[in-house]
Amino acid sequence: MPKVDNETFYLSSLRTHGETAEGVHWSSTETQEVRFRVLCSMLPANVSELSVVDAGCGFGDLYCYMEREGYRPKRYLGLDVMAPMAETARMRTGQEIRVCNILEAPLPEADVYLCSGAMNTLTREESRDFIERCLAASRLGFVFNLLKGWNTSPIYNLYLPREIRRLGQELEVDYQIHEGYLAGDFTAAFWKMPIAAA
């Protein structure tokens, strides 16, 4: 069971902050875009030739950032469990966005899966399942960020980078960890084969 009820958690924030970074529980647009920058820097250099699935796409902010900064993939698909967010993402991006529970639904195949923030309220078991499912549905790999710290929060799901390194070893992937760009955050890439980053 998740640490919080996602519908209550996100809908109350959406009502309070609207369709903003704060509306999906980021502290600001600036910190959200720092995370996006790091995530995109870990993508394959030929991202424009690849299909990408954004798992937990929220309002489609990651796609908008990718398009603006020159990381536009050949094909983009956004998935989000929250229908109001998916509807906003469709309008903002003009891309295909599906309402989908990553932990339960069959996942579409793509070259790369991305995730920014969608695992922040899951349990440890759910996070591992989320990672494994996204990795399995990808041809090349999965790039994601997590909150960094000891797992003591009653709301948020925190990891230490060494735990994700260990998971990468268990899953026998080529893994990369990037930290130090923001306090309390890190980004990981799990590749099924060595990849040249952008």
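Note that the coordinates shown come from a computational prediction; the quantities given were computed from them, not determined experimentally.

*Asks:* Describe the packing of aromatic side chains, and please don't skip the residues or the numbers.
*Replies:* A full pass over the atoms with the stated rule returns 5 aromatic pairs. For the ring pair Y63 and Y76, a centre distance of 4.7 Å and an interplane angle of 50° mean the geometry is tilted. Taken together, the residues Y63 in helix α3 (residues 61-69) and Y76 in strand β2 (residues 75-80) connect sequence positions 13 residues apart. Y76 shares its class with Y63; the two are buried.

*Asks:* Could you give an account of the pattern of salt bridges, with specific residues and numbers?
*Replies:* In the structure shown here, the tally under the stated rule is 15 salt bridges. Taking the shortest distance from any N to any O, the salt bridge between E179 and R165 comes out at 3.6 Å. Pair noted here: E179 is in strand β7 (residues 174-179) and R165 is in helix α6 (residues 161-170), with a separation of 14 residues, a long-range link. We classify E179 as partly exposed; its relative accessible area is 33%. With relative accessibility at 30%, the residue R165 sits in the partly exposed group. Residues joined by salt bridges that share partners form a network here, namely E33, R68 and E69.

*Asks:* Any chance you could break down α6 for me, citing the residues and the numbers?
*Replies:* Along α6, the residues classified as buried are P161, I164, L167 and G168. The arc that holds the buried residues of α6, viewed along the axis, is 115°, so those residues lie on one side. Just beyond α6, the residue with positive phi is E172, at close to 60°.

*Asks:* Hey, could you go over the pairing of β2 for me, with residue numbers and the actual values?
*Replies:* The buried fraction of β2 is high, at 5 of 6 residues. When β2 meets strand β3 (residues 96-99), the two strands line up parallel, connected through 4 bridges. Considered in β3, the bridge of L79 is made with R98. For the crossover that starts at β2, traverses helix α4 (residues 83-93) and ends in the parallel β3, the hand is right-handed.

*Asks:* Lay out the layout of surface pockets with the relevant residues and their values.
*Replies:* A probe as big as a water molecule, rolled over the atoms, marks out the empty space that is left. Of the pockets and cavities examined, the second largest pocket occupies roughly 170 Å³. Lining the second largest pocket are R124, E125, R128, I131, Y159, E163, I164, R166, L167 and E170. Going through the elements one at a time, α5 (124-137) and α6 are the ones with two or more residues in the lining of the second largest pocket. The biggest single contributor to the lining of the second largest pocket is α6, with 5 residues. The residue inventory of the lining of the second largest pocket, partitioned by class, reads 4 nonpolar, no polar and 6 charged.

Calculation rules
Residues numbered from 1 in each chain as written. Predicted model: local features only at pLDDT ≥ 70, side-chain atom pairs only at ≥ 80, totals over all residues. Heavy atoms only, no water. Phe/Tyr/Trp six-rings, centres within 6.5 Å; stacked < 30°, edge-to-face > 60°. Helix = DSSP H or I, 4+ residues; strand = E, 2+ residues; numbered from the N terminus. Buried < 20%, exposed > 50% of the residue type's maximum accessible area, 1.4 Å probe, protein only. Salt bridge = Lys/Arg side-chain N within 4 Å of Asp/Glu carboxyl O. Arc of directions from axis to C-beta. Pairing = 2+ DSSP bridges. Right-handed = clockwise from strand over helix to strand, strands pointing away. 1 Å grid on protein atoms, 1.4 Å probe; cavity = no way out; pocket = protein on both sides within 12 Å on 5 of 7 lines; lining within 4 Å. Points joined across faces, edges and corners; volume = space filled by probe spheres on them. Nonpolar A, V, L, I, M, F, W, Y, C, P; charged D, E, K, R; others polar.

Nothing here speaks to function; it is all geometry.
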